[in-house]
Amino acid sequence: TSICADKTGTLTSGEMMVRELFVGGQAVDVSGAGYEPEGSFLQGGTTVKPDAPLLALLRAAALCSDAALVRDQDSGRWGIHGDPTEGALVVVAAKAGLEKSRLEARSPRVSEIPFSSERKRMTTLHAGADGAFACSKGAPEIVLETCTLWRTSHGDETLTDKDRETILAAAREMAARAMRVLAVAMRRGAEPEQAESGMTFLGLVGMLDPPRHEARTAVKTCFQAGIRPVMITGDHPATARTIASELGILGQGQVVTGLDLDSMDDGQLERTVDEIEVCARVSPAHKLRVVAALQARGHIVAMTGDGVNDAPALKKADIGIAMGITGTDVAKEAAGMVLTDDNFASIVSAVEEGRAIFDNIKKYLMYLLSSNI
């Protein structure tokens, strides 16, 4: 009766593309299609050459990524190995002539503070010609908390409260246009213990992951079949709200964040969970609470997940659905079903097939019992 589905890659295509950058207080549009490392940078519709602050942003974003840009020898098509979000960062850096392999050769990674759903950021440390430095990317509000300076065309300047509000307003505006927004920062002379403090804010990266065309039809089918889809994502609430509205998931219900869920006890969550249609900026622990609350209200719950930390929620749900493409082995072991194409529409098709089988079993039993009697 309820499907809790992740947004990225399940309800959306999973092919992230950088569409907009915010650097030095100015917005820069990015052209190009797919993973082709070809495109232009535009301001006010005019093509511009990447300046020093923009190159610094793209360099740090590419270094703080594990994805790689690859070209198929047979078809000649470009693709990525790794996370789609990180792949988009590598592609936009390549559009400015910054190849990740060359960047890593000049500034090899020496240490890393990995991303987690709780930290909502990732930091890498590199050895450079001018000494060690750290690069960090993550949720804008999280990264900004660790920054004391920001990079402008005039050099590094002190980050005031007014500047912070300007940056967060730009992030909200991007998110309202269905973009996933990441902030990028760096620090020179960094050691692992203090890498994530006293950083210099470099800019915002706005990525677009368009909704799957077939997901709209699947969501409509869900409602007709008496199933309520709930979007669960780690993205900004404005991004989640826009995508959920486009797909038809969000109607008169609520959009809640991880902080909202933390402020509710289990009883409050149970009373309001039927009104919740979108959960944004959530951690795997929040997924577990949402599943438990829905089950307490008598729902039969399906939950999707791909990470190691999603395993408890997948196990708790009536049917856990792991992602076959992006899912970890732990998630697949904990789940009851593996989705080979990571597509929400396939979940709805599976429910339809299951209901047909169940109906046929009932018809057969009715026939068998009545004829034997």
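Computed from a predicted structure; not experimentally measured.

## So, the environment of threonine 152
Here is step 1: On the secondary structure map, threonine 152 appears in strand E11 (residues 147–152).
Here is step 2: Contacts of threonine 152, omitting those with residues within four sequence positions, involve Gly24, Pro53 and Glu157.
Here is step 3: Within polar-contact distance, the side chain of threonine 152 engages the backbone oxygen of glycine 155 at 2.9 Å.

## With respect to unusual backbone geometry
Here is step 1: In the Ramachandran plot, lysine 120 falls in the positive-phi region, its phi being about 55° despite a non-glycine side chain.
Here is step 2: Here lysine 120 lies in the loop between strand E8 (109–113) and strand E9 (121–128).
Here is step 3: In this structure lysine 120 comes out as buried when scored by relative accessible area, which is 18%.
Here is step 4: Even without a glycine there, the phi angle at alanine 178 is positive, about 70°.

## Let's talk about a nonpolar patch on the surface
Here is step 1: Among the surface-exposed residues, Ile357, Ile361, Tyr364, Leu365, Tyr367, Leu368, Leu369 and Ile373 lie close enough to one another that they form a single nonpolar patch of about 890 Å² accessible area.
Here is step 2: Summarising the element assignment, isoleucine 373 is placed in the segment after helix H14 (344–372).
Here is step 3: Judged by its relative accessible area of 87%, isoleucine 373 falls in the exposed class.

## Some details on the packing of aromatic side chains
Here is step 1: The final tally for this structure, using the stated rule, is 0 aromatic pairs.
Here is step 2: In this structure, arginine 188 packs its charged tip against the face of phenylalanine 133, placed 6.0 Å from the ring centre.

## Some points on the sheet that holds strand E1 (residues 2–6)
Here is step 1: The strand order across the open sheet built from 7 strands is E16-E17-E15-E1-E18-E19-E20, with neighbouring strands paired in parallel fashion. Lying at the two open borders of the sheet, with one neighbouring strand each, are strand E16 (254–257) and strand E20 (337–339). When strand polarity is set aside, the average angle formed by the axes of neighbouring strands in this sheet is 20°.
Here is step 2: Bridge analysis of E16 against strand E17 (residues 276–280) gives 4 bridges, and the strand direction is parallel. Following the sheet pairing, valine 255 is matched in E17 by valine 278.
Here is step 3: The strands touched by helix H11 (residues 284–296) within the sheet are E1, strand E15 (228–232), E17 and strand E18 (301–305), with E18 carrying the most contacts at an inclination of about 170°.

## Topic: the pattern of salt bridges
Opposite charge on two side chains permits pairing when their charged atoms draw close.
Here is step 1: All chains considered together, the criterion is met by 19 salt bridges.
Here is step 2: For glutamate 86, the salt bridge is made with lysine 137, and the minimal N-O distance between the two is 2.9 Å. Here lysine 137 lies in strand E10 (residues 131–138) and glutamate 86 lies in helix H3 (residues 84–95), a separation of 51 residues in the sequence.
Here is step 3: Aspartate 266 is the salt-bridge partner of arginine 289, the closest N and O atoms lying 3.1 Å from each other. On the criterion of sequence distance, the pair formed by arginine 289 in helix H11 and aspartate 266 in helix H10 (residues 266–272) is long-range, its members being 23 residues apart.
Here is step 4: You can call arginine 289 partly exposed: its relative accessible area is 22%.
Here is step 5: Taken together, the salt bridges that share partners define one network made up of Lys7, Arg180 and Asp235.

## Quick notes on empty space enclosed by the protein
Here is step 1: Under the criterion given, the structure shown has 1 cavity of 30 Å³ or more.
Here is step 2: One number sums up the size of the largest cavity: a volume of about 60 Å³.
Here is step 3: Residue lining of the largest cavity: Met16, Met17, Val18, Arg19, Gly32, Ala33, Gly34, Ala88, Val91, Val92 and Lys95, and that is the complete set.
Here is step 4: For the lining of the largest cavity, the leading source of residues is H3, giving 4 residues.
Here is step 5: Per-class residue counts for the lining of the largest cavity are 7 nonpolar, 2 polar and 2 charged.

## Focus: the side chain of threonine 200
Here is step 1: Looking at the secondary structure, you find threonine 200 in strand E14 (residues 199–208).
Here is step 2: On the basis of relative accessibility, which here comes to 8%, the residue threonine 200 falls in the buried class.
Here is step 3: Each residue touching threonine 200, except ones within four places of it in the same chain, is listed here: Cys147, Leu149, Trp150, Arg151, Asp156, Ala185 and Met186.

## Thoughts on the packing of helix H7 (residues 213–224) against H14
Here is step 1: Between H7 and H14, the least distance of the axes is 8 Å, while the angle of their chain directions is 35°. The crossing of H7 and H14 is left-handed. Residues Glu214, Ala218, Val219, Thr221 and Cys222 of H7 form the contact with H14, whose participating residues are Phe344, Ala345 and Val348.
Here is step 2: Along the lines of polarity and charge, the residues of the contact of H7 with H14 split into 6 nonpolar, 1 polar and 1 charged.

## Some thoughts on the confidence of the model for the protein
One rule of thumb: low pLDDT means the predicted coordinates there are not for detailed reading.
Here is step 1: The predicted model of the protein averages 92 in pLDDT, with 100% of residues at 70 or higher.
Here is step 2: For the protein, per-element mean pLDDT is lowest for helix H1 (residues 7–11), which scores 86, and highest for H14, which scores 96.

## Things to note about the environment of aspartate 66
Here is step 1: Here aspartate 66 is to be found in the loop between helix H2 (52–63) and strand E6 (68–71).
Here is step 2: Separated by 21 residues in the primary sequence, aspartate 66 and glycine 87 place their C-alpha atoms 8.2 Å from one another.
Here is step 3: Residues contacting aspartate 66, with those up to four places away along its chain left out, are His81, Glu86, Lys100, Arg109, Glu112 and Met122.
Here is step 4: Within polar-contact distance, the side chain of aspartate 66 engages the side chain of arginine 109 at 2.8 Å.

Parameters at a glance
Residues numbered from 1 in each chain as written. Predicted model: local features only at pLDDT ≥ 70, side-chain atom pairs only at ≥ 80, totals over all residues. Heavy atoms only, no water. Helix = DSSP H or I, 4+ residues; strand = E, 2+ residues; numbered from the N terminus. Contact = heavy atoms within 4.5 Å. Polar contact = N/O pair within 3.5 Å; in protein donor to acceptor, adjacent residues only side chain to side chain. Buried < 20%, exposed > 50% of the residue type's maximum accessible area, 1.4 Å probe, protein only. Patch = residues over 30% accessible without salt bridge, like charges linked within 9 Å, V, L, I, M, F, W, Y side chains within 5 Å. Areas by Shrake-Rupley, 256 points an atom, 1.4 Å probe, with all protein chains shown as cover. Salt bridge = Lys/Arg side-chain N within 4 Å of Asp/Glu carboxyl O. Phe/Tyr/Trp six-rings, centres within 6.5 Å; stacked < 30°, edge-to-face > 60°. Lys NZ or Arg CZ within 6 Å of the ring centre and 35° of its normal. Pairing = 2+ DSSP bridges. Axes fitted to C-alpha atoms, helices over the stretch in contact; angles between N-to-C directions. 1 Å grid on protein atoms, 1.4 Å probe; cavity = no way out; pocket = protein on both sides within 12 Å on 5 of 7 lines; lining within 4 Å. Points joined across faces, edges and corners; volume = space filled by probe spheres on them. Nonpolar A, V, L, I, M, F, W, Y, C, P; charged D, E, K, R; others polar. Left-handed = near helix turned anticlockwise from the far one by under 90°. pLDDT = per-residue confidence, 0-100.

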